[in-house]
Amino acid sequence: MIRLKAIKTIFSWDWELEYLRSSGWFVSALFCGAVAFLASILINRPSPNTWLALIWINLVFSSIQIAGKTFSANDGKNFYIDQLVDPTELLIGKSITTSLNTLFISLLSFGLFYIWIGLPNSGENPISLGPLMLSIGLGSIAMACTLCFTSAISSKVDGNVGLMSILSIPLLLPTLLVSLRASKLALLGESIRELYLLWVGEIALCVLSLALGAILFPYLWRS
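Residues numbered from 1 in each chain as written. Predicted model: local features only at pLDDT ≥ 70, side-chain atom pairs only at ≥ 80, totals over all residues. Heavy atoms only, no water.

Undergrad: Let's hear about the side chain of Thr146: which residues, and what values?
TA: One can find Thr146 in helix 6 (residues 129–154). Residue class for Thr146 comes out buried when judged on its relative accessible area of 2%. If we ignore the near neighbours within four places in the chain, the residues touching Thr146 are Leu171, Leu172, Thr175 and Ser209. (Helix = DSSP H or I, 4+ residues; strand = E, 2+ residues; numbered from the N terminus. Buried < 20%, exposed > 50% of the residue type's maximum accessible area, 1.4 Å probe, protein only. Contact = heavy atoms within 4.5 Å.)

Undergrad: Requested: an account of the packing of aromatic side chains, with residues and values cited.
TA: A complete count under the given rule lists 4 aromatic pairs for this structure. Measuring from centroid to centroid gives 6.0 Å for Trp51 and Phe110, while their planes differ by 90 degrees, and the two rings are edge-to-face. One end of the pair, Trp51, is in helix 3 (residues 48–68); the other, Phe110, is in helix 5 (residues 87–116), and 59 residues separate them in sequence. Accessibility classification places Trp51 together with Phe110 in one group, the buried group. (Phe/Tyr/Trp six-rings, centres within 6.5 Å; stacked < 30°, edge-to-face > 60°.)

Undergrad: So what's going on with helix 6? Residues and values would help.
TA: Over its 26 residues, helix 6 runs 37 Å from end to end, which matches the ideal 38 Å to within 8%, given 1.5 Å per residue. Among the 26 residues that make up helix 6, 21 are buried, leaving the element largely enclosed by the rest of the structure. (Expected span 1.5 Å × (residues − 1).)

Undergrad: Break down the packing of helix 5 against helix 6 for me, with residues and values.
TA: Each pair of packed helices gets described by two things: the angle between the helix axes and the distance between those axes. Direction vectors running N to C along helix 5 and helix 6 enclose 140 degrees, while the axes themselves pass 8 Å from each other. With respect to helix 6, the element helix 5 is oriented oblique. Regarding helix 5 and helix 6, the two cross each other, and that crossing is right-handed. On helix 6, the residues that touch Leu91, Lys94, Ser95, Thr98, Ser99, Thr102, Leu103, Ser106, Leu107, Phe110 and Tyr114 of helix 5 are Leu129, Leu132, Met133, Ile136, Gly137, Ser140, Ile141, Ala144, Cys145, Cys148 and Ala152. Split into classes, the residues belonging to the contact of helix 5 with helix 6 amount to 14 nonpolar, 7 polar and 1 charged. (Axes fitted to C-alpha atoms, helices over the stretch in contact; angles between N-to-C directions. Parallel < 35°, antiparallel > 145°, perpendicular 65-115°, else oblique. Left-handed = near helix turned anticlockwise from the far one by under 90°. Nonpolar A, V, L, I, M, F, W, Y, C, P; charged D, E, K, R; others polar.)

Undergrad: Residues and numbers for the confidence of the model for the protein, please.
TA: With 79% of its residues at a pLDDT of 70 or more, the protein has an overall mean of 79. Mean pLDDT values over the elements of the protein span from 60, in helix 4 (residues 75–84), up to 87, in helix 6. (pLDDT = per-residue confidence, 0-100.)

Undergrad: So what's going on with a nonpolar patch on the surface? Which residues, and what values?
TA: Taken together, Phe37, Leu38, Ile41, Leu42, Leu107, Tyr114, Ile115, Trp116, Leu129 and Met133 make up a surface patch of nonpolar side chains, about 1000 Å² in accessible area. Breaking the nonpolar patch down by element, the ones donating at least two residues are helix 2 (24–42), helix 5 and helix 6. One can find Ile115 in helix 5. (Patch = residues over 30% accessible without salt bridge, like charges linked within 9 Å, V, L, I, M, F, W, Y side chains within 5 Å. Areas by Shrake-Rupley, 256 points an atom, 1.4 Å probe, with all protein chains shown as cover. Salt bridge = Lys/Arg side-chain N within 4 Å of Asp/Glu carboxyl O.)

What follows is the structure, given as structure tokens:
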């Protein structure tokens, strides 16, 4: 049985290590700021496709950087964690932390793009910020859950950075396709009726990644 207290413990531990005792989170924020600033200098009035490509490239690289160090603890620390929580609880707690970090980066990136570049011309339909931010936010969470799952699987294998990249490619493609479709329709000013199925798809991809991790990760963690 999954214990909420254990998940809260993992989340609190990661929060303290990530934000109070280290500056690791600052690297991703600095990367987002640098990309947005360079884009504002080099690109004037980008098209919707160019605007979305830039922001999603920014999010993909930031998410990989965040997820890559999620399960980077040494064997001694892993043994200690193993005495406190179950593998499934550990995966859920780490997924929540990674999702919140990625969501923060996505909101930061969107805000910087909005301030420095502005929204592109979408044609006749006005752009609604709510659906656009929701599409990007849900997509970043789905991407974070997928990357956290691959990071958890590859953490038990030597050279896990390369393995994580290989595992992430086929799993990220459907997530990115759905997220790009949702954010593009939102950027073009489409109605919520056209978007809600894509939002459900993004949420389903989050659940699918957690379900696969709950099945596979406990066997690898105990090994």
